[in-house]
2 protein chains.
Amino acid sequence: MTEQSAAAPPPAAAELPTPPPEAVVDLLGVLAYGELTAFERLAADAGLAPTLSDKAALGGMAVAEFGQFLRLRERLRGLGVDPESAMQPFVSAVDAFHDSTAPSNWLEGLVKAYVGDGIATDFYREVAAFVDPDTRALVLDVLEDTGHASFAVAKVQAAIAADPPVQGRLALWARRLMGEALSQAYRVAGEHAALAMLIVGGIGDLTEVGRLMARLTDAHSRRLALLGLSA
Amino acid sequence: MTEQSAAAPPPAAAELPTPPPEAVVDLLGVLAYGELTAFERLAADAGLAPTLSDKAALGGMAVAEFGQFLRLRERLRGLGVDPESAMQPFVSAVDAFHDSTAPSNWLEGLVKAYVGDGIATDFYREVAAFVDPDTRALVLDVLEDTGHASFAVAKVQAAIAADPPVQGRLALWARRLMGEALSQAYRVAGEHAALAMLIVGGIGDLTEVGRLMARLTDAHSRRLALLGLSA
């Protein structure tokens, strides 16, 4: 994967990019690994699809995530950072999230694609406010909805209409997704001081961190309502 | 997935495309489903990758297969054929092949990507000779190497050099892949008379069918030699 950068002539010392702040590398690294695993998990969840059209639709979402991964990797390389080293510190937390939330059926997969993606997107959007404009522009662009929303919402609403007891099971599932996401986010914050300080420092004080959490929780509730999963 | 074709104004009777021969629909259908599942399985096998770069490399191959699937689906729609209906008859044979050849480790996944793809490509290339020029051009283009070859060959050669006993295990695995591919190909031929007749009719007589099988087997042996897997 590194042939391209290896083949390029080494820049003169004066041209070496200024090393980016650690928090920016962390942000791009965790996002890149998040996109790479989102690709892998969505592609796997396509195996749960009830029809070939649904399989192709989830496959298309997975492919879009891979495209975002490529852009983040290119940005890391452009900053003179080895993408693999930037992603590695986040592998165990991101994998732990996915391992503890492997969908056991198609609808759980759709709810995870929509709700999980939504939580992550809201969080990264907030964090992006505190980094340099170029990184911010890339992060916001990568976070643009890749089509999960309307497809998942329509399918889940239809499934609940057809079989109302589905609602309670999926509502529990969505709550578990939020719990596991928070638990891994706290772990990442604990292990990555630079990233944690970026957020707390960018926000200014811990009261504001509480407000951020409230905004994330509110947005999560709105997504559940849209799916028809509010209690 | 069918919104686009549904939204287009219905063509006047005179503009309705002539229904394509059943064998062409079968060929495009089995290829399209093959690409869709190749995407899904390669993406899943990326989970076996030992490094993040390897994971990204296999992910890139999976994404390329999905792109080929989209082209074949578009062609089926262009012929006035519902892609899902064209693919459905081949689901059980293609799935049976993959279920019986799920790689249990990274190297088995690479050998399958390279050897399995090679067998399929050779076969479809032979069949493409007997269809109309437009279909043939698309099929040959879709079958262009998507980058499996050099990546897989280099990795497998290196693994054998580092640990020679790997050779015998992977050679057995490659033989099993060929056996399962043939077994499902015979099943498809038995269930799809139009496709079988296209091949036999295109070739002219059964002696030539034997020669085709010999060509496929020879090409398979050459690939094994390149991997360092000849007995």
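Residues numbered from 1 in each chain as written. Chains lettered and ligands numbered in written order. Predicted model: local features only at pLDDT ≥ 70, side-chain atom pairs only at ≥ 80, totals over all residues. Heavy atoms only, no water.

Participant: Is there a simple way to explain the overall build of chain A in this structure?
Facilitator: Counting its regular elements, chain A contains 11 helices and zero strands. Each helix (α) and strand (β) of chain A, taken in turn from the N terminus, gives the series α-α-α-α-α-α-α-α-α-α-α. For chain A, the residues scored as buried account for 48% of the 231 residues in total. Within chain A, contacts between residues separated by at least 24 positions form 82% of all contacts whose residues are at least 6 apart in sequence. Counting only carbon and sulfur atoms, one obtains 60% of the accessible surface of chain A, whose full area is about 10600 Å². (Helix = DSSP H or I, 4+ residues; strand = E, 2+ residues; numbered from the N terminus. Buried < 20%, exposed > 50% of the residue type's maximum accessible area, 1.4 Å probe, protein only. Contact = heavy atoms within 4.5 Å. Areas by Shrake-Rupley, 256 points an atom, 1.4 Å probe, with all protein chains shown as cover.)

Participant: Can you walk me through the interface of chain A and chain B in this structure?
Facilitator: Where interface size is given, it is often the accessible area lost as the parts come together that is meant. With 25 residues of chain A in contact, the opposing surface of chain B contributes 25 residues. Interface area for chain A against chain B, summed over the two sides, is near 2100 Å², with a carbon-plus-sulfur share of 74%. Ionic pairing is found between Lys-55 of chain B and Glu-40 of chain A, a salt bridge with its closest N-O pair at 2.7 Å. Put simply, the parts of the chain that give the side of chain A that touches chain B at least two residues each are α2 (22-45), α3 (52-78) and α4 (83-87) of chain A. In terms of residue count, α3 of chain A provides more of the side of chain A that touches chain B than any other element does, 12 residues in total. Along the lines of polarity and charge, the residues of the side of chain A that touches chain B split into 15 nonpolar, six polar and four charged. (Buried area = accessible area lost by both parts, 1.4 Å probe. Salt bridge = Lys/Arg side-chain N within 4 Å of Asp/Glu carboxyl O. Nonpolar A, V, L, I, M, F, W, Y, C, P; charged D, E, K, R; others polar.)

Participant: When you look at helix α5 (residues 91-100) of chain A in this model, what are you seeing that I'm missing?
Facilitator: Since the α-helix advances by 3.6 residues per turn, residues separated by three or four positions end up pointing in the same direction. Buried within α5 of chain A are the following residues: Val-91, Ala-93, Val-94, Phe-97 and His-98 of chain A. In this structure, the buried side of α5 of chain A is in contact with α2, α4, α6 (106-128) and α9 (166-191) of chain A together with α3 (52-78) of chain B.

Participant: I would appreciate a short explanation of the environment of Ala-49 of chain A in the present structure.
Facilitator: Residue and element names in this part refer to chain A. One can find Ala-49 in the loop between α2 and α3. By relative accessible area, which is 16% here, Ala-49 ends up buried. A C-alpha to C-alpha distance of 14 Å links Ala-49 and Lys-112, two positions 63 residues apart in sequence. If near-sequence neighbours (up to four positions away) are discounted, Ala-49 is found in contact with Asp-54, Lys-55 and Trp-106.

Participant: In this structure, what is going on with the relation of the copies chain A and chain B? I would like to understand it.
Facilitator: Take chain A, turn it by 180 degrees, move it 0.0 Å along the axis, and it overlays chain B with an RMSD of 0.0 Å. Read as a symmetry element, the transformation amounts to a two-fold axis. (Least-squares fit on C-alpha atoms with pLDDT ≥ 70 in both.)

Participant: What exactly am I supposed to notice about the packing of α3 of chain A against α3 of chain B here?
Facilitator: The relative placement of two packed helices comes down to the angle between their axes together with the axis-to-axis distance. Orientation of α3 of chain A relative to α3 of chain B, taken along the N-to-C sense of each, is 135 degrees, at an axis distance of 10 Å. The angle between α3 of chain A and α3 of chain B falls in the class oblique. The handedness of the crossing between α3 of chain A and α3 of chain B comes out as left-handed. Of the residues in α3 of chain B, those touching α3 of chain A at Ala-56, Gly-59, Gly-60, Val-63, Phe-66, Phe-69 and Arg-73 of chain A are Ala-56, Gly-59, Gly-60, Val-63, Phe-66, Phe-69 and Arg-73 of chain B. Grouping the constituent residues of the contact of α3 of chain A with α3 of chain B by class yields eight nonpolar, four polar and two charged. (Axes fitted to C-alpha atoms, helices over the stretch in contact; angles between N-to-C directions. Parallel < 35°, antiparallel > 145°, perpendicular 65-115°, else oblique. Left-handed = near helix turned anticlockwise from the far one by under 90°.)

Participant: Is there a simple way to explain α3 of chain A in this structure?
Facilitator: Taking 1.5 Å as the rise per residue, α3 of chain A with 27 residues should run 39 Å; its terminal C-alpha atoms sit 39 Å apart, in good agreement. Directly beyond the C-terminal end of α3 of chain A, a positive phi value near 80 degrees is found at Gly-80 of chain A. (Expected span 1.5 Å × (residues − 1).)

Participant: Looking at this structure, I do not really get the side chain of Thr-101 of chain B. What am I missing?
Facilitator: Residues and elements named next belong to chain B. The topology assignment puts Thr-101 in the loop between α5 (91-100) and α6 (106-128). There is a polar contact of 3.0 Å between the side chain of Thr-101 and the side chain of Lys-112. Residues contacting Thr-101, with those up to four places away along its chain left out, are Lys-112, Trp-173, Arg-176, Leu-177 and Glu-180. (Polar contact = N/O pair within 3.5 Å; in protein donor to acceptor, adjacent residues only side chain to side chain.)

Participant: Just to check I follow, could you spell out the environment of Ala-196 of chain A for this structure?
Facilitator: The topology assignment puts Ala-196 of chain A in helix α10 (residues 193-203). Along the chain, Ala-196 of chain A and Arg-73 of chain A lie 123 residues apart, while their C-alpha atoms are 22 Å from each other.

Participant: Help me understand the confidence of the model for chain A in this model?
Facilitator: When pLDDT is low, close inspection of the predicted coordinates is not appropriate. Residues and elements named next belong to chain A. Scored by pLDDT, chain A comes out at a mean of 85, with 88% of its residues at no less than 70. Confidence, read as mean pLDDT per element, is least for helix α1 (residues 3-7) in chain A (46) and greatest for α4 (96). The low-confidence segment residues 1-7 (pLDDT under 50) makes seven contacts with residues lying over four places distant or belonging to another chain. Both confidence scores are given for the complex: pTM 0.79, ipTM 0.72. (pLDDT = per-residue confidence, 0-100.)

Participant: Any chance you could explain the pattern of salt bridges here in plain terms?
Facilitator: A side chain of one charge can pair with a side chain of the opposite charge when the charged atoms of the two come close. Residues and elements named next belong to chain A. For the structure shown, the criterion picks out 16 salt bridges over all chains. Residue Asp-99 is joined to Arg-41 by a salt bridge in which the shortest nitrogen-to-oxygen separation is 3.3 Å. Here Arg-41 lies in helix α2 and Asp-99 lies in helix α5, a separation of 58 residues in the sequence. The exposure class assigned to Asp-99 is exposed, which follows from its relative accessible area of 55%. A relative accessible area of 23% means that Arg-41 is categorised as partly exposed.

Participant: Whenever I open this one, the packing of aromatic side chains confuses me. Can you help?
Facilitator: Any aromatic ring pair is given by two values, namely how distant the centres are and how the planes are angled relative to each other. Across all of its chains, the model carries nine aromatic pairs over all chains by this definition. Centre to centre, the rings of Phe-66 of chain A and Phe-69 of chain A are 5.5 Å apart; their planes meet at 50 degrees, and the pair counts as tilted. Of this pair, Phe-66 of chain A and Phe-69 of chain A both sit in helix α3, three residues apart, which is roughly one turn of the helix. Phe-69 of chain A sits in the buried class, given a relative accessible area of 0%. Taking the centre distance of 6.4 Å and the plane angle of 75 degrees together, the rings of Trp-106 of chain B and Phe-151 of chain B count as edge-to-face. You can see Trp-106 of chain B sitting in helix α6 and its partner Phe-151 of chain B sitting in helix α8 (residues 148-162), a full 45 residues away along the chain. Assessed through its relative accessible area of 11%, Trp-106 of chain B is described here as buried. The exposure class assigned to Phe-151 of chain B is buried, which follows from its relative accessible area of 18%. Members of the aromatic cluster, each reached through a chain of ring pairs, are Phe-39, Phe-66 and Phe-69 of chain A together with Phe-39, Phe-66 and Phe-69 of chain B. (Phe/Tyr/Trp six-rings, centres within 6.5 Å; stacked < 30°, edge-to-face > 60°.)

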